[in-house]
Amino acid sequence: MKLTLRIWRQASPEAKGKMQSYTLDDVEPDMSFLEMLDVLNEKLVLDGKDPVSFDHDCREGICGSCGMVINGNAHGPQQYTTTCQLHMRHFNDGDTIDIEPWRARAFPVVKDLVVDRSAFDEIIKSGGYISVNTGSAPEAHAIPVDKVSADDAFDAATCIGCGACVAACPNGSSMLFTAAKVTHLGLLPQGQPERQTRAINMLAKQDELDFGGCTNVGACHEVCPKGIPLASIAQLNHDVLGATLAGARSD
Amino acid sequence: MVITPQRNIVSRTWGTSVGKKSVIAVTGAIFLIYVIAHMLGNLKVFFGIQAFDAYAQHLREIGEAIVGYEGVLWILRVVLLTSLVLHMWAAFSLWYKAKKARPVGYQHRQRWEGSYAARTMRWGGVIIFLFIVWHILDLTTGTVNPLPGESSAYMKLVASFDRWYVSLFYILAVVALGFHIRHGLWSAIQTFGANSALKQNALKTLAFVVAAVITIGFAIVPLAVMTGLVR
């Protein structure tokens, strides 16, 4: 396959970036999208040029490191798929592919396609945990969980924190991410003690970090590689409003 | 020990994006109920001039013994105006927050931008607001109505819609209102936390049906005047 790539190049957080064109003549349809970028980078290194920086780790679709906006789609054209699991057979010979980093004030560009997603860590620190006694693990069946809650919590727990929801949201909101964490922990018995403060604190942190507000557009769910349901956001709203009415306060 | 002052429920609600959304949802629900009642009132135009004018007069006399002539109307106006200020204030504040959240845009247009209704909430809302200003000047105060102020409500309605550009603006505005309700009703249900993965399609369908009924219910009045059905 012969491809033209237009890639966002930006040398440093302060530098002014621009789209730059590259051509590749020898792309195999069985390559993953990241392998295709590896081929480009080998070529750039041989030519003595600066390779394109992008984040990646497991390349198995579970770490949440890789992520780029491909032709206006976070993680590319295939639904429920991370960039590393996307294969070049979904593109045609002669295609031009635009590749850009996630765009959000809370995710500043570090270099090229790499963005700093530590804002997500801040949201997790503000409430994405449960308090348990450490030490020997308790008997797994000691706390009963009904099947519906277990399934819904598990669906939300599949979130890998990649940030595609923020990248696709017209408001630049991290609502689906925060909602996934609140749903995942709030539906399980172990998450009950902090349920109210968790919802309030995580939302307050998200607002503080310059993410936008949710307007229920649904773009986040469409691009989410794990298909986190839009209804998780209703769960977050439910917990936030319930906690607000109950007089819970953020600390 | 650090003592955090307990903020009251108003500042706690207003201070968060979800709090502002719920203000938009509650005030939106007030508008929705009002708009449905308004639409049912408008449809009396098909029962003739006596029925319509008697209804207009009745609105001024409801509860007269308690709140005086036009008392209920004035209470409604105050509630609606307060709701409008809160609705727009919260919406503009979230609009500003969204603009701030993405200082550098994308080169390639985003593929998933949501439904047309979702994308036009903000500018559609602005169009509806401008329409309301015109609508009040036309049919409440009578400032831009061709007939003098003391004329019958029915005759003022007919005289207004006899101008094709007024009817056209009215129909465009109620279509914009339909789109606004189509996304707004479903979005309000989601904001109140009442959505679930199983109910989502049914709720979106409900919002669509309510929006379609309201749009048609309003638009047939100017259409009836333009086609000569209502004279």
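Residues numbered from 1 in each chain as written. Chains lettered and ligands numbered in written order. Predicted model: local features only at pLDDT ≥ 70, side-chain atom pairs only at ≥ 80, totals over all residues.

For chain B, an unreviewed UniProt entry supplies the name Succinate dehydrogenase subunit C and the organism Actinomycetospora cinnamomea. UniProt, in its Subcellular location (unreviewed entry) section for chain B, records the words "Membrane". (UniProt positions renumbered as here; feature names shortened; annotations may be inferred.)

Chain A is annotated in an unreviewed UniProt entry as Succinate dehydrogenase iron-sulfur subunit of Actinomycetospora cinnamomea. Of the comments in the UniProt record for chain A, the one headed Sequence similarities (unreviewed entry) reads "Belongs to the succinate dehydrogenase/fumarate reductase iron-sulfur protein family."

This part takes up the overall build of chain A. On a plain count of helices and strands, chain A comes out with eight helices and seven strands. Considering only C-alpha atoms, chain A reaches an extent of 60 × 40 × 35 Å along its principal axes. Put simply, chain A has 251 residues, and 48% of those count as buried. Sequence-distant contacts in chain A: of pairs separated by 6 or more residues, those separated by 24 or more amount to 71%. (Helix = DSSP H or I, 4+ residues; strand = E, 2+ residues; numbered from the N terminus. Buried ≥ 20, exposed ≤ 12 C-beta atoms within 10 Å, placed from the backbone. Contact = placed C-beta atoms within 7 Å.)

All names here are of chain A. Splitting chain A by domain gives domain 1 (3-110) and domain 2 (118-245). On a C-alpha basis, the centroid separation for the pair domain 1 and domain 2 is 29 Å. Every contact between the two is made by 18 residues of domain 1 and, on the other side, 16 residues of domain 2. Broken down by class, the residue content of the side of domain 1 that touches domain 2 amounts to nine nonpolar, seven polar and two charged. (Domains from an automatic or database assignment. Nonpolar A, V, L, I, M, F, W, Y, C, P; charged D, E, K, R; others polar.)

What follows concerns the packing of helix α2 (residues 17-42) of chain B against helix α9 (residues 164-191) of chain B. Residues and elements named next belong to chain B. At a closest axis distance of 9 Å, the pairing of α2 and α9 adopts a crossing angle of 125°. Compared by their axis directions, α2 and α9 come out oblique. Seen along the crossing, α2 lies across α9 with a hand that is left-handed. Contacts from Lys21, Ser22, Ala25, Gly28, Ala29 and Leu32 in α2 reach Ile181, Gly184, Leu185, Ala188 and Thr191 in α9. (Axes fitted to C-alpha atoms, helices over the stretch in contact; angles between N-to-C directions. Parallel < 35°, antiparallel > 145°, perpendicular 65-115°, else oblique. Left-handed = near helix turned anticlockwise from the far one by under 90°.)

Counting residues in hydrophobic clusters, the biggest one holds 106 residues, and the most contacted among them are Cys165, Ala168, Leu176 and Cys220 of chain A. For this core, the element with the most residues is α9 of chain B, which contributes 12 residues. Summarising the domain contributions, this core has at least three residues from each of domain 1 (3-110) and domain 2 (118-245) of chain A. Excluding its chain neighbours within four sequence positions, the residues that come into contact with Leu176 of chain A are Cys165, Cys220, His221, Cys224, Ile228, Ser232 and Ile233 of chain A. (Core = buried A, V, L, I, M, F, W, Y, C linked by C-beta atoms within 7 Å.)

Moving on: the UniProt feature "transmembrane region" (unreviewed entry) in chain B. Residues and elements named next belong to chain B. With numbering matched to this structure, UniProt assigns "transmembrane region" (unreviewed entry) to residues 21-40, 74-96, 116-137, 164-185 and 206-230. Annotated as 100% helix and 0% strand, the span residues 164-185 places its first and last C-alpha atoms 31 Å apart. Annotation note: span residues 206-230, helix share 84%, strand share 0%, distance between end C-alpha atoms 31 Å.

What follows concerns helix α6 (residues 195-208) of chain A. With 14 residues, α6 of chain A extends 20 Å between its outermost C-alpha atoms, agreeing within 8% with the 20 Å of an ideal straight helix rising 1.5 Å per residue. Burial within α6 of chain A is extensive, with 12 of its 14 residues counted as buried. Those residues of α6 of chain A lying buried are Arg195, Gln196, Arg198, Ala199, Ile200, Asn201, Met202, Leu203, Ala204, Lys205, Gln206 and Asp207 of chain A. On its buried face, α6 of chain A is in contact with α2 (118-125), α5 (175-186) and α8 (231-245) of chain A together with α2 of chain B. Looking one or two residues past α6 of chain A, Asp210 of chain A carries a phi angle of roughly 70°, positive in sign. (Expected span 1.5 Å × (residues − 1).)

A few words on the sheet that holds strand β4 (residues 73-74) of chain A. Paired through their backbone hydrogen bonds, the strands of a sheet run either parallel or antiparallel. Residues and elements named next belong to chain A. Pairing is mixed across the open sheet formed by five strands, whose spatial order is β2-β1-β5-β3-β4. In this open sheet, the two edge strands, each paired with only one partner strand, are β2 (18-24) and β4. Pairing analysis gives two bridges linking strand β3 (residues 69-70) to strand β5 (residues 96-100), with the strands arranged antiparallel. Across the sheet, residue Ile70 finds its bridge partner in β5, namely Ile99. (Pairing = 2+ DSSP bridges.)

A word on the interface of chain B and chain A. Each partner contributes residues to the interface: chain B has 43 residues there, and chain A has 43 residues. Contributions of two or more residues to the side of chain B that touches chain A are made by α1 (9-14), α2, α5 (71-101) and α9 of chain B. Among the elements that line the side of chain B that touches chain A, the one with the most residues is α2 of chain B, at six residues. In the side of chain B that touches chain A, the residues fall into 14 nonpolar, 19 polar and 10 charged.

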